[in-house]
Amino acid sequence: MTKRKAALKGEASAISRGRHEYNCSVCSHTQREQIEQDFINWVSPAVITKRYKMANRASVYRHAHAAGLFPKRIVFSAGGGERLFADILRRYAHKIIIDPGRSGFQVSPHWYVLGGFDYGKANPTAALVATVDDDGIIYILREYYQPGFSPKEHRPWITQLQGFRTATMFADPSIFYANQAQGDGTFKAIATLFAEEGIDNLSPAPENNELLGMERILSHWMNLDQREPTLKIVCPKALQDIAKPTYGIVNGGCPNLLWELRRARREELTPTQLTRKNPTEKIVDKDNHLRDCLKYLVLTLPEPNRKSARMLAAEAVRPLAEQGDLTSALIRYQQKIQELEYGSQPVTLRNHRRRGY
Ligand SMILES: [Zn+2]
């Protein structure tokens, strides 16, 4: 459908919704929300008609269509709980997961190294070390996963994670607030407690929104039939599908990260929640410690489409550069980036249009 047609359809449905409400005995019913919950909960429209003293079943169906209850009923009967990454990780494992043994993959010492860090008291404290190559592809190299330790107890272990000491480790901004009560009546930030143990390379992540983070991870894994993933995870073949977490340091890859990602799912919603919420709203807040590290990492780095613009521009000017015409190559490169990132419109025009001038 074209945008114009979609817009027309949107207008038409807005008009018919108005007309629907005017005529609908469910819309004006004092127990409208219970009726909707019953419908989502697969109570038969015949029973609903009787229970709420309505004229006929047809009005229940008409309302269900108008109020978009059918998809909600399907979400409810599927149990919600849709898994976010399990399917992609199964279908594209050969593209996303790098077996360091078989592939011969090596990290260039020139690539940028960074990390993600997530502190847990009873839950595992987690850390990931990652690197970014010259094309902007992110490789998650190794992990730390350990519950129940204090910062002092973590120190001798976490410092054995290769790359940890020299990389900036991006963490939840909340650990930089002084809210941990100390024995002497003062308060300290978790980040300070780690700094006192010599771990002073933690830095607040620029963004920690959960949905934004999950969407960013997915954006690195879009259209994998046509393109290479821009986010890859190193893990030895034997550890790629562990049944339960294994605590400690894994310098050879990220088995626990894969374990967490496969389990990540949207929340199961009750009929009550479904009448009020967008079903795609929440991600289950569980087994998300390495996943949080990954979130801080990807939200710190640029979006994949920006990188692909750089990559495409570099490809476009390669012939010029190879001929030694570096001035033309540079001009063409900048034009190409402009085209790819902003269309052919100058930047200012686009910004004005956005504000509705
Ligand atoms: Zn209605």
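One structure accompanies this document, and this report is about it.

Conventions and cut-offs
- Residues numbered from 1 in each chain as written.
- Predicted model: local features only at pLDDT ≥ 70, side-chain atom pairs only at ≥ 80, totals over all residues.
- Helix = DSSP H or I, 4+ residues; strand = E, 2+ residues; numbered from the N terminus.
- Buried ≥ 20, exposed ≤ 12 C-beta atoms within 10 Å, placed from the backbone.
- Contact = placed C-beta atoms within 7 Å.
- Arc of directions from axis to C-beta.
- Pairing = 2+ DSSP bridges.
- Core = buried A, V, L, I, M, F, W, Y, C linked by C-beta atoms within 7 Å.
- Axes fitted to C-alpha atoms, helices over the stretch in contact; angles between N-to-C directions.
- Parallel < 35°, antiparallel > 145°, perpendicular 65-115°, else oblique.
- Nonpolar A, V, L, I, M, F, W, Y, C, P; charged D, E, K, R; others polar.

## Brief notes about the overall build of the protein
Scanning the protein for helices and strands turns up 17 helices and ten strands. Residues classed as buried in the protein amount to 27% of the 357 residues present. Intrachain contacts of the protein at a sequence separation of at least 6 include 67% that bridge at least 24 residues.

## Some thoughts on helix α11 (residues 210-219)
Along α11, the residues classified as buried are Gly-213, Met-214, Arg-216 and Ile-217. Down the axis of α11, the buried set is contained in an arc of 160 degrees. They therefore lie on one face. Looking at the buried residues of α11, the elements they touch are β9 (231-234) and α14 (289-300).

## Here's the deal with the pairing of strand β3 (residues 124-132)
Across the nine residues that make up β3, a large majority, eight, are buried. Here strand β2 (residues 112-118) pairs with β3 via seven bridges, running antiparallel. Opposite Asp-118, over in β3, you have Ala-126 as the bridge partner. From the end of β2 to the start of β3, which pair antiparallel, there are five residues. Note that β3 and strand β4 (residues 138-147) share nine bridges and pair antiparallel. Of the residues in β4, the one forming a bridge with Ala-130 is Ile-140. In this structure, the hairpin formed by β3 and β4 is closed by a connection of five residues, where Gly-136 is found at a positive phi of approximately 90 degrees.

## Here's the deal with the nonpolar core
If you look at the biggest cluster of nonpolar residues, it comprises 51 residues, and the most contacted ones within it are Ala-127, Leu-128, Ile-140 and Leu-297. Counting residues per element, this core draws most heavily on α14, which supplies six residues. Ignoring sequence-local partners within four residues, the contact set of Leu-297 consists of Leu-114, Gly-116, Leu-128, Ala-130 and Phe-170. Val-26, Phe-39, Phe-76 and Leu-274 belong to the second-largest nonpolar core, a separate cluster that totals twelve residues.

## Details of the packing of helix α12 (residues 255-263) against α14
Contact geometry of α12 with α14 gives a least axis separation of 8 Å together with a crossing angle of 95 degrees. With respect to α14, the element α12 is oriented roughly perpendicular. For the pair formed by α12 and α14, the contact residues are Asn-256, Leu-257, Glu-260 and Leu-261 on the first element and Leu-290, Arg-291 and Leu-294 on the second. Residues belonging to the contact of α12 with α14 are distributed by class as follows: four nonpolar, one polar and two charged.

## Observations regarding the pairing of strand β5 (residues 168-171)
Regular strands show a simple pattern: their side chains alternate between the two faces of the sheet. Both β2 and β5 contribute to a ladder of four bridges, which runs parallel. In the strand pairing of β5, Gly-115 is matched with Met-169.

## Considering the environment of Val-107
Position of Val-107 relative to the elements: it lies in the loop between α8 (100-103) and β2. Through-space distance from the C-alpha of Val-107 to that of Asp-133 is 8.3 Å; in sequence the pair is 26 residues apart. Discounting residues that sit within four places of it in the chain, Val-107 has contacts with Thr-131 and Leu-141.

Without other data, these values stay purely geometric and don't point to any function.
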